[in-house]
Amino acid sequence: MAGITLSDVSKIYDDGTRAVSDLNLDVQDGELVVFVGPSGCGKSTALRMIAGLEEISEGEIKIGDRIVNNLRPRDRDVAMVFQNYALYPHMTVAENIGFALRMRKVPKDEARRRIEETAKILGLQEHLRRKPRQLSGGQRQRVAMGRAIVREPHVFLMDEPLSNLDAKLRVQMRAEISRIQRQLRVTTVYVTHDQVEAMTMGDRVAVLRRGVLQQFEAPQRLYEQPANLFVASFIGSPAMNMLDGRLERNGDGMVCKIGSASFVLPAEIVKDRPALANHVGKPIAVGIRPEALDQSESQNGDTGVLRGRVQGIEALGSELLAYVDIEAKPVLVEDVLEGIVDMEAAKDIAEIKGDADGARATVVARLDPSARVHPDDVLELAVDLRRLHFFDLDSGRTIRA
Ligand SMILES: Nc1ncnc2c1ncn2[C@@H]1O[C@H](COP(=O)(O)OP(=O)(O)OP(=O)(O)O)[C@@H](O)[C@H]1O
Ligand SMILES: [Mg+2]
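Presented here is an overview of the structure given in this document. (Residues numbered from 1 in each chain as written. Chains lettered and ligands numbered in written order. Predicted model: local features only at pLDDT ≥ 70, side-chain atom pairs only at ≥ 80, totals over all residues. Heavy atoms only, no water.)

1. Quick notes on the packing of aromatic side chains
Line of reasoning, step 1. Throughout the structure, instances matching the rule amount to 2 aromatic pairs.
Line of reasoning, step 2. The interplanar angle of 45 degrees and the centroid separation of 4.7 Å between the aromatic rings of Tyr-88 and Phe-99 together place this pair among those described as tilted. Of this pair, Tyr-88 sits in the loop between strand 6 (78-81) and helix 2 (93-103) while Phe-99 sits in helix 2, and the two are 11 residues apart along the sequence.
Line of reasoning, step 3. Here Tyr-88 falls in the partly exposed class, since its relative accessible area comes to 31%. (Phe/Tyr/Trp six-rings, centres within 6.5 Å; stacked < 30°, edge-to-face > 60°. Helix = DSSP H or I, 4+ residues; strand = E, 2+ residues; numbered from the N terminus. Buried < 20%, exposed > 50% of the residue type's maximum accessible area, 1.4 Å probe, protein only.)

2. Some details on the sheet that holds strand 19 (residues 378-383)
Line of reasoning, step 1. The sheet built from 5 strands is open, its strands ordered 15-19-16-17-18 with antiparallel pairing. At either end of the open sheet lies a strand with only one pairing partner, and these are strand 15 (293-295) and strand 18 (360-367). The average undirected angle you get between the axes of adjacent strands in this sheet is 45 degrees.
Line of reasoning, step 2. In this structure, strand 16 (residues 305-315) lies alongside strand 17 (residues 320-327), joined through 7 bridges in antiparallel fashion. Directly across from Val-310, in strand 17, lies its bridge partner Val-324. (Pairing = 2+ DSSP bridges. Axes fitted to C-alpha atoms, helices over the stretch in contact; angles between N-to-C directions.)

3. Digging into helix 1 (residues 43-51)
Line of reasoning, step 1. In terms of burial, helix 1 is largely enclosed, as 7 of its 9 residues are buried.
Line of reasoning, step 2. Restricting attention to buried positions, one finds in helix 1 the residues Lys-43, Thr-45, Ala-46, Leu-47, Met-49, Ile-50 and Ala-51.
Line of reasoning, step 3. Following helix 1 by one or two positions, Gly-52 has its phi on the positive side, about 95 degrees.

What follows is the structure, encoded as structure tokens:
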């Protein structure tokens with residue numbers, strides 16, 4: 001087994017495109033790390049450099065304690081699973097899985113044993129004699145996985161292996177890959193543009209934007225403590241509400257203004273995040289997760305609530321999403337919008353972005369499914385102030401302690 005270390009790794013393509021810049025990260029032995037980010041952010045390039053399919057322009061990559069910069073792909077002991085896996089149509093499942101073993105002249109008995117073990121892990125025992133065309137999409141994907149597993153590599157590299165599958169199958173295979181990875185404990189790097197996939201599969205998730213690593217952390221921490229506006233907007237669905245705000249002093253404490261509403265920040269927040277004081281009077285972005293908004297019990301006017309008209313509702317059974325027009329200026333994270341290939345996610349964000357030039361924003365609140373909310377209602381939303389996120393608008397960075 002082996003971990004992977006990337007030190008100051010960059011990729012500049014021949015035409016001058018800087019696809020990856022100064023990437024530093026380590027994947028622990030047996031860990032599953034996901035690279036996620038919008039289309040074109042450099043995920044595949046980074047993965048292909050680890051695989052040896054793309055030359056490294058700068059920096060160093062280690063697998064285990066070997067520097068692999070100059071090793072050929074086949075000498076790196078990695079196995080790759082791609083989006084467009086091509087199975088050999090004229091070969092059976094067993095032959096497809098065992099192909100690499102035959103190339104390596106692995107003795108027949110051993111090959112048969114390894115093929116059978118692999119088929120067992122993947123639940124393909126019954127199908128070993130079939131041809132690919134006699135399989136479902138999910139089964140075919142499993143055969144593609146099998147070709148990687150049977151080689152018993154030190155590292156799995158997967159580039160959007162599930163994007164050809166329909167949504168339901170994708171969810172199933174996602175769980176399956178996680179299970180297999182845990183069972184085999186093979187160090188794995190998994191590339192996806194789908195943040196839900198990243199969050200559900202990764203032990204840790206590396207968020208990339210324009211070739212630059214934004215944050216590398218366990219999923220829950222990414223969600224709770226995003227390092228900057230980009231990560232905050234990219235991770236989470238529906239996306240975090242991002243509003244233009246301003247901090248003002250209020251005696252010993254502090255008030256946060258959003259549009260015409262003002263919120264007295266709890267003393268412990270002001271104490272825990274002294275850096276907020278440096279931003280008094282300056283424009284900041286205030287981030288509010290949909291679940292940090294709730295239907296207010298009392299009618300409070302402008303203090304402590306966001307007030308607006310309900311534009312639309314999505315009742316999802318387990319929750320109710322209410323889209324509410326409020327008087328506030330939205331903060332747009334342009335390249336989150338531009339880069340998103342997942343149209344569902346893009347729609348979510350487009351819906352909440354509101355009216356960029358004006359002073360109207362649409363926020364989304366995640367409410368209890370039994371909430372009595374109807375389109376055109378005027379709704380007051382209570383804000384869980386302990387869960388507010390604050391960002392410096394110039395740098396985009398989270399304002400931390
Ligand atoms: N062979 C190449 N020559 C020049 N530029 C390239 C080459 N391959 C990729 N690029 C550019 O490098 C950047 C990163 O590409 P990459 O394929 O790594 O992105 P990605 O994050 O995998 O995107 P996607 O989610 O769309 O697969 C992009 O701007 C892309 O246009
Ligand atoms: Mg890619």
